[in-house]
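Working through the structure, step by step
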Amino acid sequence: MAVDNSQPRYEFRIWGNHLSPIRDRIAAPATPSVPLESAETYILSAATDTANVKVRAGLLDIKLMVEQQGRLERWRPALKASFPIDSRTIVEDVFPDLKIAPPHIERPSYTHGEFIRDLVRPRHDLTAVDVIKRRSKFEFDQCKAEFVEVEIAGGASSETLEFESEDPAAVLRAIAKFGLTAYPNISYVRHLKLMIGMIPRTTINAAR
């Protein structure tokens, strides 16, 4: 197991289908990174929206929402573990973060495929969502920004734009600078649940 000791970050994330004009305004004062494409699997829990659990590039990556400060969410990196993952980590860290009782464990460790097939997909309270992302990143004014085109298995797609920083004031300045104060802050976990019908759209609307 490898605990991620990165500092918690304040995040503000918006979603839509026509966010590229906002992306272009952000890119004007900041040089974007080379766009990257990745295939990821998110593990969504019916018991919590505060655990962002995904598999990317052979790693199980977990971050936890530890605080809400006004309109911002503060997320703490909690775990980066390479597959195969030992059963103790799965029982003592992964499932507690998902707020779900651990399943029956039959192996000393699990590969990526075994983990999804044997421990995630059979559960009615967990959903594995395969996601393709195309990401561009920006940095300016003590703040990082990310624009992502998101496509899930089955063809549904969306765009998302996020600002993050260890300094909440930097995120709030960016929100104001680019005229995003009217948007709700919606995490990856909540929006993916919305895209697959795991939570109704009225739940998101009520949170605005």
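Please refer to the structure placed before this passage.
1. Here's the deal with the packing of aromatic side chains
- Counting across every chain of the model gives six aromatic pairs.
- One residue, Lys133, lies across the ring of Tyr188, its end atom 4.2 Å from the ring centre.

2. Remarks on the environment of Val150
- When you line up the elements, Val150 lands in strand β9 (residues 143–152).
- For Val150, a relative accessible area of 1% translates into the label buried.
- Measuring from C-alpha to C-alpha, the distance between Val150 and Glu114 comes to 25 Å, with 36 residues separating the pair along the chain.
- Every residue in contact with Val150, bar those within four places of it in the chain, is listed here: Trp15, Val131, Ile132, Ala156, Ser157, Ser158, Thr160 and Tyr188.

3. A closer look at unusual backbone geometry
- Put simply, Phe83 and Pro84 share a cis peptide bond, and its omega is 0 degrees.
- By secondary structure assignment, the location of Pro84 is in the loop between β5 (72–82) and β6 (85–86).
- Phi angles above zero are rare outside glycine, and Ala57 is one such case at about 55 degrees.
- Positionally, Ala57 belongs in the loop between β3 (51–56) and β4 (59–69).
- The backbone of Gln142 sits at a positive phi, close to 60 degrees, despite the residue not being glycine.
- Following the sequence through the fold, Gln142 ends up in the loop between β8 (126–140) and β9.

4. Focus on the pattern of salt bridges
- Per the stated rule, a full pass over the model turns up 20 salt bridges.
- In this structure, the salt-bridge partner of Asp24 is Arg23, at a minimum N-O distance of 3.1 Å.
- Here Lys177 and Asp141 are joined by a salt bridge, their closest N and O atoms 3.7 Å apart. Taken together, the residues Lys177 in helix α4 (residues 168–177) and Asp141 in the loop between β8 and β9 connect sequence positions 36 residues apart.
- Given a relative accessible area of 48%, Lys177 falls into the partly exposed group.

5. Some remarks on the layout of surface pockets
- The calculated volume of the largest pocket comes to roughly 570 Å³.
- In terms of lining, the largest pocket is formed by 29 residues, of which the most central are Arg9, Lys63, Lys137, Glu146 and Glu164.
- With five residues, β8 is the largest single contributor of residues to the lining of the largest pocket.
- Taken together, the residues that form the lining of the largest pocket break down as seven nonpolar, five polar and 17 charged.

6. Quick word on the nonpolar core
- Ranked by internal contacts, the top residues of the largest apolar core, which has 24 residues, are Ile43, Leu60, Val94, Phe95 and Phe115.
- Broken down by secondary-structure element, the contributors of at least two residues to this core are β3, β4, β5, α2 (87–97), α3 (112–120) and β8.
- Per element, the largest residue contribution to this core is four residues, and it comes from α3.
- Residues in contact with Val94, not counting those within four places in the same chain, are Leu60, Ile62, Leu79, Thr89 and Phe115.

7. Some points on the pairing of β8
- Bridge count for strand β2 (residues 36–45) against β8 is 10 bridges, and the pairing is antiparallel. Bridge pairing in β8 places Thr41 opposite Asp130.
- The pairing of β8 with β9 spans 10 bridges and is antiparallel. Counted as the bridge partner of Arg135 is Val148 from β9.
- The antiparallel hairpin formed by β8 and β9 contains two residues in its connecting segment, where Asp141 sits at a positive phi of about 45 degrees.

8. Quick look at the environment of Glu114
- Among the structural elements, Glu114 can be located in helix α3.
- Leave out the neighbours within four places in its chain, and Glu114 touches Arg107, Ser109 and Leu119.
- Within the structure, Glu114 has its side chain in polar contact with the backbone nitrogen of Thr111 (distance 3.0 Å).

Conventions adopted
- Residues numbered from 1 in each chain as written.
- Predicted model: local features only at pLDDT ≥ 70, side-chain atom pairs only at ≥ 80, totals over all residues.
- Heavy atoms only, no water.
- Phe/Tyr/Trp six-rings, centres within 6.5 Å; stacked < 30°, edge-to-face > 60°.
- Lys NZ or Arg CZ within 6 Å of the ring centre and 35° of its normal.
- Helix = DSSP H or I, 4+ residues; strand = E, 2+ residues; numbered from the N terminus.
- Buried < 20%, exposed > 50% of the residue type's maximum accessible area, 1.4 Å probe, protein only.
- Contact = heavy atoms within 4.5 Å.
- Salt bridge = Lys/Arg side-chain N within 4 Å of Asp/Glu carboxyl O.
- 1 Å grid on protein atoms, 1.4 Å probe; cavity = no way out; pocket = protein on both sides within 12 Å on 5 of 7 lines; lining within 4 Å.
- Points joined across faces, edges and corners; volume = space filled by probe spheres on them.
- Nonpolar A, V, L, I, M, F, W, Y, C, P; charged D, E, K, R; others polar.
- Core = buried A, V, L, I, M, F, W, Y, C linked by side-chain atoms within 4.5 Å.
- Pairing = 2+ DSSP bridges.
- Polar contact = N/O pair within 3.5 Å; in protein donor to acceptor, adjacent residues only side chain to side chain.

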